[in-house]
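Chain by chain, the residues run as shown.
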Protein chains: 4
Amino acid sequence: MTSLKALVLVCTLKPSPAESSSVLLGQQVLDALGALEDHDVSGELVRVVDHQVRFGVSTDEGDGDEWPGIREKMLAADILVVATPIWMGQPSSVSKMVLERLDAELSETDDEGRMLTYGKVGVVAVVGNEDGAHHTSAEVFQALNDVGFTIPAAGVTYWVGEAMQGTDYLEHDETPEKTAETTKTVAANAAHLAALLKAAEYPA
Amino acid sequence: MTSLKALVLVCTLKPSPAESSSVLLGQQVLDALGALEDHDVSGELVRVVDHQVRFGVSTDEGDGDEWPGIREKMLAADILVVATPIWMGQPSSVSKMVLERLDAELSETDDEGRMLTYGKVGVVAVVGNEDGAHHTSAEVFQALNDVGFTIPAAGVTYWVGEAMQGTDYLEHDETPEKTAETTKTVAANAAHLAALLKAAEYPA
Amino acid sequence: MTSLKALVLVCTLKPSPAESSSVLLGQQVLDALGALEDHDVSGELVRVVDHQVRFGVSTDEGDGDEWPGIREKMLAADILVVATPIWMGQPSSVSKMVLERLDAELSETDDEGRMLTYGKVGVVAVVGNEDGAHHTSAEVFQALNDVGFTIPAAGVTYWVGEAMQGTDYLEHDETPEKTAETTKTVAANAAHLAALLKAAEYPA
Amino acid sequence: MTSLKALVLVCTLKPSPAESSSVLLGQQVLDALGALEDHDVSGELVRVVDHQVRFGVSTDEGDGDEWPGIREKMLAADILVVATPIWMGQPSSVSKMVLERLDAELSETDDEGRMLTYGKVGVVAVVGNEDGAHHTSAEVFQALNDVGFTIPAAGVTYWVGEAMQGTDYLEHDETPEKTAETTKTVAANAAHLAALLKAAEYPA
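Anyway, here's the lowdown on the structure attached to this text. In this text the structure is predicted, and so the values were computed from the model without any measurement.

**Brief notes about the nonpolar core**
- If you look at the biggest cluster of nonpolar residues, it comprises 288 residues, and the most contacted ones within it are I79 of chain A, I79 of chain B, I79 of chain C together with I79 of chain D.
- In contact with I79 of chain D, not counting residues within four places along its chain, are L4, A6, L33, V121, V123, A190, A191 and A194 of chain D.

**With respect to the relation of the copies chain D and chain A**
- Between chain D and chain A, the superposition needs a rotation of 180° and an axial shift of 0.0 Å, giving an RMSD of 0.0 Å. Such a combination of turn and shift is consistent with a two-fold rotation axis.
- Taken together, the interface assignments show that 100% of the residues at the interface of chain D recur at the interface of chain A, consistent with an identical surface on both copies.

**Some remarks on the interface of chain D and chain A**
- With 25 residues of chain D at the contact, the number on the chain A side is 25 residues.
- Of all the secondary-structure elements, those providing two or more residues to the side of chain D that touches chain A are α4 (133-146) and α5 (177-199) of chain D.
- Examining the composition of the side of chain D that touches chain A, we find that seven residues originate from one element, α4 of chain D, more than from any other.
- Across the side of chain D that touches chain A, the residue classes tally to 14 nonpolar, nine polar and two charged.

**Observations concerning the relation of the copies chain B and chain A**
- Overlay of chain B on chain A (RMSD 0.0 Å): rotation 180°, translation along the axis 0.0 Å.
- Taken together, the interface assignments show that 100% of the residues at the interface of chain B recur at the interface of chain A, consistent with an identical surface on both copies.

**Some words on the environment of A199 of chain D**
Residues and elements named next belong to chain D.
- Position of A199 among the secondary structure elements: in helix α5.
- Of the residues examined, A199 has 11 C-beta atoms within 10 Å and is grouped as exposed.
- Along the sequence, A199 and A35 sit 164 residues apart, while their C-alpha atoms lie 22 Å from each other.

**Quick word on the interface of chain B and chain A**
- With 17 residues of chain B at the interface, the matching set in chain A holds 17 residues.
- Looking at the side of chain B that touches chain A, the element that brings in the most residues is strand β6 (residues 156-161) of chain B, giving four residues.
- Its residues assigned to classes, the side of chain B that touches chain A shows eight nonpolar, six polar and three charged.

**A word on the pairing of strand β2 (residues 40-47) of chain A**
Residues and elements named next belong to chain A.
- Judged from the eight bridges that link them, strand β1 (residues 3-10) and β2 form a sheet pairing that is parallel. The residue bridging A6 from the neighbouring strand is G43, located in β2.
- A crossover connection joins β1 to the parallel β2 through helix α1 (residues 21-34); in handedness this β-α-β unit is right-handed.

Basis of the calculations
- Residues numbered from 1 in each chain as written.
- Chains lettered and ligands numbered in written order.
- Predicted model: local features only at pLDDT ≥ 70, side-chain atom pairs only at ≥ 80, totals over all residues.
- Core = buried A, V, L, I, M, F, W, Y, C linked by C-beta atoms within 7 Å.
- Buried ≥ 20, exposed ≤ 12 C-beta atoms within 10 Å, placed from the backbone.
- Contact = placed C-beta atoms within 7 Å.
- Least-squares fit on C-alpha atoms with pLDDT ≥ 70 in both.
- Helix = DSSP H or I, 4+ residues; strand = E, 2+ residues; numbered from the N terminus.
- Nonpolar A, V, L, I, M, F, W, Y, C, P; charged D, E, K, R; others polar.
- Pairing = 2+ DSSP bridges.
- Right-handed = clockwise from strand over helix to strand, strands pointing away.

Function cannot be read off these values alone, since they describe shape.
Structure representation (structure tokens):
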């Protein structure tokens, strides 16, 4: 039984205390990780727009930039969950801002030349009124992978409604069943893979 | 009142006589074009996999290639409709094969150096059980635009169901209302733009 | 000879006075529009991060939001140029923020039910060290089209270098020839189409 | 030292014996896997268009379909490499056809409900004259991940040239250095991860 840390970065456009479907789905992934019996996963959820994160591609943009604090949490985590709403069929601008900040990790390596993100697992939680989950996961998978994250089998959970409809995920009385199942699978696979990589890191 | 020709290329994976949601939606776009009062649009629907179209990026791949016949229809048309199913959140392989064949048009120009596709309007019809319409339209828009097509305002009609559900578009007793409305808008905008471009071509 | 207005929204991550390749390419599109002989195009370039634009999907997010001022310029323009850098093979977070703000236009219609963006032409200018221009244009085309913009034939100009290289566009002594030619074509096609749509708007 | 099997599916549009840059890069990945000191990797390269693979989303489309034979190789492999050219900034139609055939694996599960692809590692090799590698990898990563593959850190190697240039990868006298390095990293990471997952499969 491995002790693992998870960090959920929620990339909603709306600061607290507004209700948010991506906060809800991100929290459900965190809960599913915490409920696993084979692993001891603790974690934290950060709503990015509640912090002063600057646009940029460095680890610290100065000028009151609060990314460095979030980055510390990311570096301490074994599992990173990017939870994002869909806008116009695409990942949110806030998720892009987060991925651009992670781009700085390409230049941050350990003594053996590995990126500090190597060995960390990345998964995605996507939610929108309608349409865009697969593409959003494609964009986030590719960007996370470019900066060193490993993507477990079935690395995304999502919900969207029928074409051009308007009900939000958080308006459901009960979590849609298939999304709930998928969330559990994502959590189980992410933790399994993170435990393996923690015990046996990538070659230098 | 301008006379216009439309060609619908349906990119389902299944040959006739199998039922196909993308044939249905493609036909609905063609019907909506024919029903316009401001323009006289005649047209035709081609189900690409019923023909021996070869993989490639030339206008004629030889070896019994049936693309040249389809290409003649495309060159005669003012409006091209690419109707495609979604698989894995993405446009079908058949639609990609069609777009790759259109890539040959980059080298086919008129006496004044314009591509033969210049002045033609391209629109998209997308259908799947769930998720992927926006991204599919993005892929097709970009590829059509690269080879000279103009994309009218609101250049896509689509239907998808809720996340991970299995009902097909063609199983509906009635066309979902928002899709039906959108189909009409796409037709009206495509014909309006095609008539303008037919009367006033792009500069050489 | 039609009088037309163009607005270039540059979506670099870096505020002034930092040098920016996307400012340069955006300015080149504006210059090419201004140099056209068939049309009288005046225009303006806005570097979005120099303004306090808020995340959101409404026309005015309050709290000092400077989008409303930019939106006024957009509504007055016939041609919108989105100029964006590539990060991780994808459009910048700032361009996504801009597109999300444009999403509000779906609810803003004239007396006849048309979006206020109908009749406007949208084009894209993309620049990066390497790889990502086609995809970036696909994302921006689809989002602009969803909110009512028309995309002219060959609606994008771009530059990228060889895989994994590091020279910036602005470091070139001379504008790469193919990019320079493409920029002229984009300008000519955008103005031609904008003039047509200004004279004959889409049906209600 | 784990014995591992790799399968490279090359998705060029051109049948043998035409020269192909994606065959070359796919072979280089295979060679890099074979040269690893920590693992004993044997493998095979299949040029998909040399076989009669049918469009479809089942494991066997009948009618002389040669996918079942390729599928056997895929099921026997621990590492799947999808090597594809870029056309129009996007993955090839042949790669889409392959991914659609893999979509059938969603319904193929072992006694404990796991897909037969679970535990296999998927990586990507992409090559084009210019632009499109990141997006191509995004599309392929997402599709492979949807059907059960795990993506190792830095799971793609690629080469593209400067914008709008025409030299092919296979025309280089020497392999571009950064691509060569990246190919080695992809191979090392893929084998490391495949060995871990072979020894410790995902939970049921």
